[in-house]
Amino acid sequence: MNISDIKTEQDLLDVLKGYTTFERAVYLTTFKIPRGKVSTYSRIAKKIGHPKAFRAVANTLNKCPLWPVVPCHRVVASDGRFTGNEKGASHRRILIRDEGVPIKGGKVVLTEDVLF
DNA sequence: CCCGTGACCGACT
DNA sequence: CAGTCGGCCACGG
């Protein structure tokens, strides 16, 4: 199955076979983030039942082998910053802005209505 | 099994 | 407000 054919969560799970349960949980949760919204490494960690594994979540999203099926660009730091190297960060910032998420001072304005 | 590696986080100075 | 610092943890070598 091609990555571009992934439509449902089940499709994603099939493609994710062979991955770690932790990685599957991270990608599956990220997959659910709707356009126009964002989440943070910390929030994802809580959602998958590993509230203190936010750092490991970042490592996993950094790989992001299934982009753009899995919208890894919608996950930012807890203060709204786009982390990582300048190139990737600025790229994600463009995408997020195009999706209609408010950005101020180069950071996402993290309000309840924009957080997933 | 130990160790280095981060797209981290929150507290503290 | 800008740095620093200690704690955190899955993963691969």
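Our subject in this report is the structure included herewith. (Residues numbered from 1 in each chain as written. Chains lettered and ligands numbered in written order. Predicted model: local features only at pLDDT ≥ 70, side-chain atom pairs only at ≥ 80, totals over all residues. Heavy atoms only, no water.)

### Here we look at the protein's contact with DNA strand B
The criterion, for reference: Here a residue is considered near a molecule or strand provided that any single heavy atom belonging to it is located within 4 Å of it. Only runs of H or I of at least four residues qualify as helices and only runs of E of at least two qualify as strands under DSSP, and these elements are numbered from the N terminus. Following the grouping adopted for this structure description, the nonpolar residues are Ala, Val, Leu, Ile, Met, Phe, Trp, Tyr, Cys and Pro, the charged ones are Asp, Glu, Lys and Arg, and the polar ones are all others, Gly among them.
Near DNA strand B there are 15 residues, and of these Tyr41, Phe54, Asn59, Asn62 and Gly84 occur at the shortest range. Broken down by secondary-structure element, the contributors of at least two residues to the surface near DNA strand B are helix H3 (41-47) and helix H4 (54-63). The greatest single-element share of the surface near DNA strand B, amounting to 6 residues, is contributed by H4. Of the residues assigned to the surface near DNA strand B, the class counts are 7 nonpolar, 6 polar and 2 charged.

### Some details on helix H2 (residues 21-31)
Just so we agree on the cut-off: For each residue, the accessible area found with a 1.4 Å probe, counting protein chains only, is set against the maximum for its type, and the residue is called buried under 20%, exposed over 50%, and partly exposed in between. Residue contacts follow a heavy-atom distance rule, with two residues in contact if any of their heavy atoms lie within 4.5 Å.
Taking burial as the measure, the 11 residues of H2 include 8 buried ones, the bulk of the element. For H2, the full list of buried residues reads Phe22, Glu23, Val26, Tyr27, Leu28, Thr29, Thr30 and Phe31. In the core, the buried residues of H2 are packed alongside helix H1 (9-15), H3, H4 and strand E2 (75-76).

### Details of the protein's contact with DNA strand C
As a reminder, the rule being used: Pairs of N or O atoms are called polar contacts if they sit within 3.5 Å, as long as, within protein, a hydrogen donor faces a hydrogen acceptor (for residues adjacent in sequence, only side-chain-to-side-chain pairs).
Close to DNA strand C lie Thr20, Phe22, Glu23, Lys52, Ala53, Phe54, Arg55 and Ala56. Considering DNA strand C, the proportion of its atoms within 4 Å of the protein that are sugar or phosphate atoms stands at 63%. In this structure, threonine 20 approaches DNA strand C through a side-chain N or O atom, which is 2.9 Å from a phosphate oxygen. At a separation of 2.8 Å, a base oxygen of DNA strand C approaches a polar side-chain atom of arginine 55. At the level of elements, H2 and H4 are the ones that each hand at least two residues to the surface near DNA strand C. The biggest single contributor to the surface near DNA strand C is H4, with 3 residues. Looking at side-chain class alone, the surface near DNA strand C contains 4 nonpolar, 1 polar and 3 charged residues.

### A closer look at the packing of aromatic side chains
Inclusion rule: Aromatic contacts are taken between Phe, Tyr and Trp rings whose centres are within 6.5 Å, Trp giving its six-membered ring; a plane angle under 30 degrees counts as stacked, one over 60 as edge-to-face, and the others as tilted. The rule for a charge over a ring is simple: NZ of Lys or CZ of Arg within 6 Å of the ring centre, and within 35 degrees of the ring normal.
A complete count under the given rule lists 1 aromatic pair for this structure. Measuring from ring centre to ring centre gives 6.2 Å for tyrosine 19 and tyrosine 27, while their planes differ by 85 degrees; the resulting arrangement is edge-to-face. Exposure remark for tyrosine 19: the relative accessible area of 27% places this residue in the partly exposed category. Positioned above the aromatic ring of phenylalanine 116 is the side chain of lysine 47, whose terminal nitrogen or guanidinium carbon lies 4.7 Å from the ring centre.

### Observations regarding unusual backbone geometry
Here the residue pair tryptophan 67 and proline 68 is connected by a cis peptide bond, since its omega of 0 degrees sits within 30 degrees of zero. Positive phi outside glycine occurs at cysteine 64, with the angle close to 40 degrees. For cysteine 64, the position within the fold is in the loop between H4 and E2. For cysteine 64, a relative accessible area of 10% corresponds to the buried category.

### As for the state of the cysteines
The condition is simple: When two cysteine sulfur atoms lie within 2.5 Å, the pair is treated as a disulfide.
Taken as a whole, this structure holds 1 disulfide when the rule is applied. Paired by a disulfide, cysteine 64 and cysteine 72 hold their sulfur atoms 2.1 Å apart. Residues cysteine 64 and cysteine 72 share a disulfide whose torsion about the S-S bond is about -90 degrees; that sign makes it left-handed. An identical accessibility class is assigned to cysteine 64 and cysteine 72; each is buried.

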